[in-house]
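One letter stands for each residue in the lines below.
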Amino acid sequence: MVESRMEKYHKISVITVVYNGAYLLEQTIKSVISQTYPTIEYIIIDGYSNDGTIAIIKKYEKNISFWTSEKDNGIYDAMNKGLKKATGDYVIFMNAGDMFYSNNTIEQIPFEKNQNADVFYGDTVIIDENTGKELGLRRKKLPKNLTWKHYKKGMVVCHQSILVKKSIAGNFNIRYQLSADVDWVIIVLKKSRKIIYTNTIISRFLGGGVSRKYQKRSLLERFIILRNHFGIIQTIFSHVFFLVEALTIKLGLKPLYRRNIFTSN
């Protein structure tokens, strides 16, 4: 029997979590359902919104594999619910407001050449949340051979730009309310044997977000997470580096974003 086209592709679970994000959700949904990659499972987990979010979900219901709206214990609890429902070979989180970089983003991931890869990762473009203007690539330059040890310098790769094999994607630790994604990615990378840089931009990410609104609490959580993985001395050293870097940016000695060296497809 001739193998069908669909059987040649890995199944990708794209998970979106949202709560009262009607003003952001539609652009995310359109970004996901317009992907040219043929085998996408799209899951939306809503935290019992009351602002019109449900109406938007229902508008695109035929393009959504599964959705639910119920109360949860925060963003990472919702993300865990999404993981539980995911049946794909790989998972990626594209939460309300996040977008894939282009319509063929997933199709550009080199799955076929790297059949045994545990993780694929790429760059992220930052978008101004007020104007929609592209500001540039995230400040942190991606290592070409990523390991968990690179995370001693913080969130090197956004979770919106990393695809993880479902079999190694454990739950987020809901003890952390703002920085559990840092912990989650480190644990995933520790489990990974083969990690592939795609040499592409995977996501568009809105500047701002919950962690910036509650920056002190987010930084404290990150400190605890890095201490648990790297030890207190390395974590203190890393945070001194963070402070120096922040100062050089504030003084205009270092740019906040990197120039986009990629071209849109």
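Conventions adopted
Residues numbered from 1 in each chain as written. Predicted model: local features only at pLDDT ≥ 70, side-chain atom pairs only at ≥ 80, totals over all residues. Heavy atoms only, no water. Phe/Tyr/Trp six-rings, centres within 6.5 Å; stacked < 30°, edge-to-face > 60°. Helix = DSSP H or I, 4+ residues; strand = E, 2+ residues; numbered from the N terminus. Buried < 20%, exposed > 50% of the residue type's maximum accessible area, 1.4 Å probe, protein only. Lys NZ or Arg CZ within 6 Å of the ring centre and 35° of its normal. Pairing = 2+ DSSP bridges.

Caption draft 1: Inspection of the packing of aromatic side chains at higher detail. For the structure on display, the rule yields twelve aromatic pairs. When the ring of Tyr76 is compared with that of Phe172, the centres are 5.6 Å apart and the planes differ by 25°; the resulting orientation is stacked. With a gap of 96 residues between them, Tyr76 in helix H3 (residues 75-85) and Phe172 in the loop between strand S8 (162-165) and helix H4 (180-191) connect regions that are remote in the sequence. Residue class for Tyr76 comes out buried when judged on its relative accessible area of 6%. With 5.0 Å between their ring centres and 75° between their planes, Phe111 and Phe120 make a pair best called edge-to-face. Across this residue pair, the class does not change: Phe111 and Phe120 are buried. Taking NZ or CZ as reference, Lys190 lies 4.5 Å from the ring centre of Trp148, over its face. Lying across the ring of Phe242, Arg222 places its NZ or CZ 4.2 Å from the centre.

Caption draft 2: Summary view of the pairing of strand S4 (residues 90-93). Residues Tyr90 and Ile92 point to one face of S4 and Val91 and Phe93 to the other, with burial holding for every one of them. Of the pairings in the sheet, the one linking strand S1 (residues 12-18) to S4 comprises four bridges and is parallel in character. Residue Val14 lies in a different strand from S4, and its bridge partner there is Ile92. Two elements, S4 and S8, share two bridges in a ladder whose sense is antiparallel. Paired with Tyr90 across the bridge in S8 is Lys165.

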